[in-house]
Amino acid sequence: QVQLVESGGGLVQPGGSLSLLCAASGSVFRFATLGWSRQAPGKERELVASIDSGGVINYADSVKDRFTISRDNAQKTLYLQMNSLKPEDTAVYYCNAKIYTTYNKWDDYWGQGTQVTVSS
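The text that follows walks through the structure, step by step, so that each part is easy to find.

## Some thoughts on the overall build of the protein chain
- Secondary structure summary: the protein chain contains zero helices and 11 strands in total.
- When its helices and strands are written in sequence order, the protein chain yields β-β-β-β-β-β-β-β-β-β-β.
- Against the globule reference of 14 Å for 120 residues, the protein chain gives a C-alpha radius of gyration of 14 Å, in line with a compact fold.
- Based on the C-alpha atoms only, the size of the protein chain along its principal axes is roughly 45 × 30 × 25 Å.
- The long-range share in the protein chain, meaning contacts at least 24 apart out of those at least 6 apart in sequence, stands at 53%.
- With the model as given, the accessible surface of the protein chain reaches about 6800 Å², and the carbon-plus-sulfur share is 47%.
- Distance between charge centroids for the protein chain: 3 Å, based on 11 positive and 11 negative side chains.

Written out as structure tokens, the structure is:
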């Protein structure tokens, strides 16, 4: 079982930066594949970045070279550093943890989300 709480969202001008934090609880955090997803009004939720239990990272093309995902298993914390922000980055950002229970089954856990608004 994992519980997730996001923080760090806010209003920023284009070209600015924000850092998001996801605080987790649970005894199996270190085994989870973690990710940040976002959902803008009228759009489907999309995966922004992920990091698995071995530290393998993937980014969406839209944020490549601008965002950095990282995790601290000792502190049970997931981070997303966002630089060179664009108006199209405006969305609610969600923290996600995926824990496999068998070879083809997993449990998904989601935070409540934090709003990021990029506007001049």
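Okay, back to it.
## Digging into the sheet that holds strand β3 (residues 18–25)
- The antiparallel open sheet is built from four strands, whose spatial order is β1-β3-β8-β7. Looking at the sheet topology across the chains shown, the edges are occupied by β1 (3–7) and β7 (67–72). Going across the sheet, the axis of each strand differs from the next one's by a mean of 15 degrees, ignoring polarity.
- Pairing of β1 with β3 involves five bridges; the strand directions are antiparallel. Pairing of Gln 3 across the sheet is with Ser 25, part of β3.

## Quick notes on the state of the cysteines
- Within the structure shown, the criterion is met by one disulfide.
- A sulfur-sulfur distance of 2.1 Å marks the disulfide that ties Cys 22 to Cys 95. Between Cys 22 and Cys 95, the disulfide has an S-S torsion of -80 degrees and is therefore left-handed. Here the residue Cys 22 occupies a position in strand β3, and Cys 95 occupies one in strand β9 (residues 91–102), the gap between them amounting to 73 residues. When sorted by exposure, Cys 22 lands in the same class as Cys 95, which is buried.

## Focus: the environment of Pro 87
- Tracing the backbone shows Pro 87 in the loop between β8 (77–82) and β9.
- Residues Pro 87 and Val 12, spaced 75 residues apart in sequence, show a C-alpha to C-alpha distance of 9.4 Å.
- The residues touching Pro 87, leaving out its near neighbours within four places in the chain, are Pro 14 and Val 118.

## Quick word on the nonpolar core
- Ranked by internal contacts, the top residues of the largest apolar core, which has 30 residues, are Leu 4, Trp 36, Phe 67, Leu 78, Leu 80, Met 82 and Tyr 93.
- Listing elements by their share of this core, those giving two or more residues are β3, β4 (33–39), β5 (46–51), β7, β8, β9 and β11 (114–118).
- Beyond its immediate sequence surroundings of up to four residues, Phe 67 is in contact with Arg 38, Val 48, Tyr 59, Leu 80, Gln 81, Met 82, Asn 83, Leu 85, Asp 89 and Tyr 93.

## Let's talk about the packing of aromatic side chains
- All told, the structure shown has one aromatic pair when counted by the stated rule.
- Lying across the ring of Phe 29, Arg 71 places its NZ or CZ 5.4 Å from the centre.

## Comments concerning the pairing of strand β10 (residues 105–110)
- Judged from the six bridges that link them, β9 and β10 form a sheet pairing that is antiparallel. When the bridges of β10 are listed, Thr 102 appears paired with Lys 105.
- Between β9 and β10, which pair antiparallel and follow one another directly, the connecting turn spans two residues.

Rules and cut-offs
- The numbers attached to residues start from 1 for each chain and follow its sequence in the written order.
- Local features in this predicted model are restricted to residues whose pLDDT is 70 or higher, and side-chain atom pairs enter the listing and the counts only when it is 80 or higher, whereas totals over whole chains, interfaces and linings include all residues.
- In computing side-chain values, all of the structure's heavy atoms are included and hydrogens and water are not.
- Secondary structure elements are defined from DSSP: runs of H or I of at least 4 residues count as helices, runs of E of at least 2 residues count as strands, and each element is numbered from the N terminus.
- The globule rule is 2.2 Å times the number of residues to the power 0.38, and the radius of gyration it is compared with is taken over C-alpha atoms.
- Note on contacts: a residue pair is in contact if any heavy atoms of the two residues lie within 4.5 Å.
- Residue exposure ignores everything except the shown protein chains as possible cover, and the areas themselves are Shrake-Rupley values with a 1.4 Å probe.
- Charged residues are defined narrowly, with Lys and Arg counted positive, Asp and Glu counted negative, and His plus the chain ends left uncounted.
- Every charge is mapped onto a representative atom, which is NZ of Lys, CZ of Arg, CG of Asp or CD of Glu.
- Two strands are said to pair when DSSP picks up at least two bridges between them.
- Fitting a line to C-alpha atoms yields each axis, with helices limited to the stretch in contact; the angle taken between N-to-C directions then spans 0 to 180 degrees.
- A pair of cysteine sulfur atoms is labelled a disulfide when the two atoms are within 2.5 Å.
- The cut-offs for exposure are 20% and 50% of the maximum accessible area for each residue type, with area from a 1.4 Å probe on protein chains only; residues under the lower value are buried, those over the upper are exposed, and the others partly exposed.
- Buried residues of nine kinds, namely Ala, Val, Leu, Ile, Met, Phe, Trp, Tyr and Cys, make up a nonpolar core once their side-chain atoms join them within 4.5 Å.
- Pairing of aromatic side chains requires ring centres within 6.5 Å, counting the rings of Phe and Tyr and the six-membered ring of Trp. Pairs whose planes differ by under 30 degrees are stacked, by over 60 edge-to-face, and all others tilted.
- The criterion for a charge sitting over a ring is simple: Lys NZ or Arg CZ within 6 Å of the ring centre, and within 35 degrees of the ring normal.

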